[in-house]
Amino acid sequence: MSGGGLVTRFAPSPTGLLHLGHAYSALLAWDIAQSVEGRFLLRIEDIDGSRCREEFVGEIYEDLTWLGIEWNEPAVIQSEHMDYYEQLLVQLEALRVLYPCFCTRREIEEEIGRAGGAPHAGETAVYPGICRGLSEAEQAAKMGTGAAYALRLDVAHAWRLVGENLVWQDRLAGEIHAAPGRLGDVVLARKDISTSYHLSVVADDARQGINLIVRGEDLFESTHIHRLLQALLGLQVPQYLHHSLVLDDEGRRFAKRDGAVTLQALRGEGWTPEDVRRRVGL
Ligand code: GLU
């Protein structure tokens, strides 16, 4: 990958204020782009209207600017591109790799319980495939009752279709052979939103011409699915850099839900961008 051609990005979800973990990811991507005169883009991943808030978007711009980061084009706002994700779903439907899933969270948990506990990948239980075997008549009957449904990727089928031999390059972990079954049949269109994190992140990274994705190692498992989606949709394959996570003083990863100290709060305490860099090791 030659210097001037590098395009990387930071893609936060505006569900809260940025903390040191975000600062590390954004600064690392920014520094890499700067070091080779590449481009750094910003994308606001706000497809989940129930969790995202407009006010946090402004705060993200403010925090990044304070850190000394500039983005090369106006930020891409995912919620403005729902029609694009729908087009990709149509492409996947034509490949017959999607199936409707009518399950509630409770039904999925009960089924997992009956099966004596299922493997867990990260925080989410792997979907036990309840709706995968529904016939077209059964699907139509359920749809006829007006039941809400998500669209899941039939990973085993999709995997066979693409030829089962996919790799990606990670700047730290090296060449990785994709094993997309690990997360199970992921949801590509949620019941309430006609897309999902997996679909829209892959779609936008391709559309924005991102060729280096810098993000936390907590998303490493997701990349197996992303690589499969790239193959199914004929999209370019970026290089990855999954970095280790910044830990707090007790050795726990920073997370919005734990009320991690935000950049805004640190700024209020008199921290400078240099203090942030020192704390995250950059
Ligand atoms: N929007 C995701 C998040 O805030 C990150 C997406 C990515 O970097 O792939 O967790």
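Given the structure is predicted, the values throughout are model-derived calculations rather than measurements.

Caption draft 1: Structural context of the packing of helix 6 (residues 155-162) against helix 8 (residues 220-233). Between helix 6 and helix 8, the least distance of the axes is 10 Å, while the angle of their chain directions is 55°. Taken together, helix 6 and helix 8 sit at an angle that is classed as oblique. Relative to helix 8, helix 6 is oriented so that their crossing is left-handed. Residues Val155, Ala158, Trp159, Leu161 and Val162 of helix 6 touch helix 8, and the partners they reach there are Ile225, Leu228, Ala231 and Leu232. Residue classes in the contact of helix 6 with helix 8 are distributed as 9 nonpolar, no polar and no charged.

Caption draft 2: Highlighting the packing of aromatic side chains. A complete count under the given rule lists 6 aromatic pairs for this structure. Through successive ring pairs, a cluster of aromatic residues spans Trp168, Phe220 and Tyr240. The residue whose ring lies beneath Arg152 is Tyr127, and the NZ or CZ to ring-centre distance is 3.6 Å. Lying over the aromatic face of Tyr84, Arg207 brings its terminal NZ or CZ to 4.1 Å of the ring centre.

Caption draft 3: Fine view of the pairing of strand 11 (residues 212-216). Within strand 11, 5 of the 5 residues are buried, which leaves it mostly tucked inside the rest of the structure. Judged from the 5 bridges that link them, strand 11 and strand 12 (residues 239-243) form a sheet pairing that is parallel. When the sheet's bridge partners are listed, Gly216 is paired in strand 12 with His243. Crossover strand 11 to strand 12 through helix 8 is right-handed.

Each value, and the rule that gives it
Residues numbered from 1 in each chain as written. Predicted model: local features only at pLDDT ≥ 70, side-chain atom pairs only at ≥ 80, totals over all residues. Heavy atoms only, no water. Axes fitted to C-alpha atoms, helices over the stretch in contact; angles between N-to-C directions. Helix = DSSP H or I, 4+ residues; strand = E, 2+ residues; numbered from the N terminus. Parallel < 35°, antiparallel > 145°, perpendicular 65-115°, else oblique. Left-handed = near helix turned anticlockwise from the far one by under 90°. Contact = heavy atoms within 4.5 Å. Nonpolar A, V, L, I, M, F, W, Y, C, P; charged D, E, K, R; others polar. Phe/Tyr/Trp six-rings, centres within 6.5 Å; stacked < 30°, edge-to-face > 60°. Lys NZ or Arg CZ within 6 Å of the ring centre and 35° of its normal. Buried < 20%, exposed > 50% of the residue type's maximum accessible area, 1.4 Å probe, protein only. Pairing = 2+ DSSP bridges. Right-handed = clockwise from strand over helix to strand, strands pointing away.

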